[in-house]
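Architecture at a glance
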Amino acid sequence: MSDFSICAASLGPHTVRCNLCTNMATRAQVTYWHQHDPHIHYVYCESCAAQNGNEFCSCCEMSSPFACENEDGVQVYLMPAYGAEVLDSDWMCCEHP
């Protein structure tokens, strides 16, 4: 069972493509509350996530990734990326204040 659906092209049986380049995606952009809307949030490779102003919760980096599924039914595990100014003043998400 997936945590949420993503909009990303399949690269293989357990990989999807970054929405901005042809690399394998490793991160899903989420809100402070770990919600992902596939119509407004991106799926990124590490490089694109960093270059596009995303922030990272240091505690989430040690947590389990999200189970995600694309429109083709490909299931992948992606770490969170947070848009600019989404994290709290201590650079933490809702689960790690």
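The coordinates are above.
Residues numbered from 1 in each chain as written. Predicted model: local features only at pLDDT ≥ 70, side-chain atom pairs only at ≥ 80, totals over all residues. Heavy atoms only, no water.

Notes on the pairing of strand E6 (residues 66-69)
- For strand E1 (residues 4-5) and E6, the ladder comprises two bridges, and the chain directions are parallel. Residue pairing across strands places Ser5 opposite Glu69, the latter belonging to E6.
- Note: E6 against strand E7 (residues 75-82), four bridges, orientation antiparallel. Directly across from Ala67, in E7, lies its bridge partner Tyr77. (Pairing = 2+ DSSP bridges. Helix = DSSP H or I, 4+ residues; strand = E, 2+ residues; numbered from the N terminus.)

A short note on the pairing of E7
- With six of eight residues buried, E7 is to be regarded as a mostly interior element.
- When strand E4 (residues 27-30) meets E7, the two strands line up parallel, connected through four bridges. Across the sheet, Ala28 pairs through a bridge with Pro80, a residue of E7.
- Hairpin remark: E6 followed by E7, antiparallel, with five residues in the connecting loop; positive phi at Gly73, about 85°. (Buried < 20%, exposed > 50% of the residue type's maximum accessible area, 1.4 Å probe, protein only.)

Structural notes on the sheet that holds E7
- As summarised here, the arrangement of the five strands in space is E1-E6-E7-E4-E5, forming an open sheet in which the pairing is mixed. Looking at strand neighbours, the two that pair on one side only are E1 and strand E5 (43-44), the edges of this open sheet.

A closer look at the side chain of Glu55
- Along the chain, Glu55 turns up in the loop between helix H1 (46-51) and E6.
- For the buried Glu55, no salt bridge is present, and the opposite-charge side chain at shortest range is Arg27, 12 Å distant.
- A polar side-chain atom of Glu55 sits 3.1 Å from the main-chain amide nitrogen of Glu85.
- With sequence-adjacent residues up to four places away left out, Glu55 is seen in contact with Ala81, Tyr82, Gly83, Ala84, Glu85, Val86, Leu87 and Trp91. (Lys, Arg positive; Asp, Glu negative; His and termini not counted. Salt bridge = Lys/Arg side-chain N within 4 Å of Asp/Glu carboxyl O. Polar contact = N/O pair within 3.5 Å; in protein donor to acceptor, adjacent residues only side chain to side chain. Contact = heavy atoms within 4.5 Å.)

Structural notes on the nonpolar core
- If you look at the biggest cluster of nonpolar residues, it comprises 19 residues, and the most contacted ones within it are Ile6, Val16 and Leu78.
- Among the elements of the structure, E4, E6 and E7 are those that each provide at least two residues to this core.
- In terms of residues, this core owes the most to one element, E7, which gives three residues.
- Cys18, Cys45, Cys48 and Ala49 belong to the second-largest nonpolar core, a separate cluster that totals five residues. (Core = buried A, V, L, I, M, F, W, Y, C linked by side-chain atoms within 4.5 Å.)

Focus on the pattern of salt bridges
- A complete count under the given rule lists two salt bridges for this structure.
- One salt bridge in this structure joins Glu46 and Arg27, with 3.0 Å as the shortest N-O distance. In this pair, Glu46 is assigned in helix H1 and Arg27 in strand E4, connecting sequence segments 19 residues apart.
- Take Glu46: its relative accessible area is 40%, and that puts it in the partly exposed class.
- We note a salt bridge from Arg27 to Glu61, for which the minimum N-O separation is 2.8 Å. Within this pair, whereas Arg27 is found in strand E4, its partner Glu61 is found in the loop between H1 and E6, the two being separated by 34 residues in sequence.
- By relative accessible area, which is 5% here, Arg27 ends up buried.
- Owing to a relative accessible area of 35%, Glu61 belongs among the partly exposed residues under this scheme.
- Salt bridges sharing partners connect three or more residues here, namely Arg27, Glu46 and Glu61.

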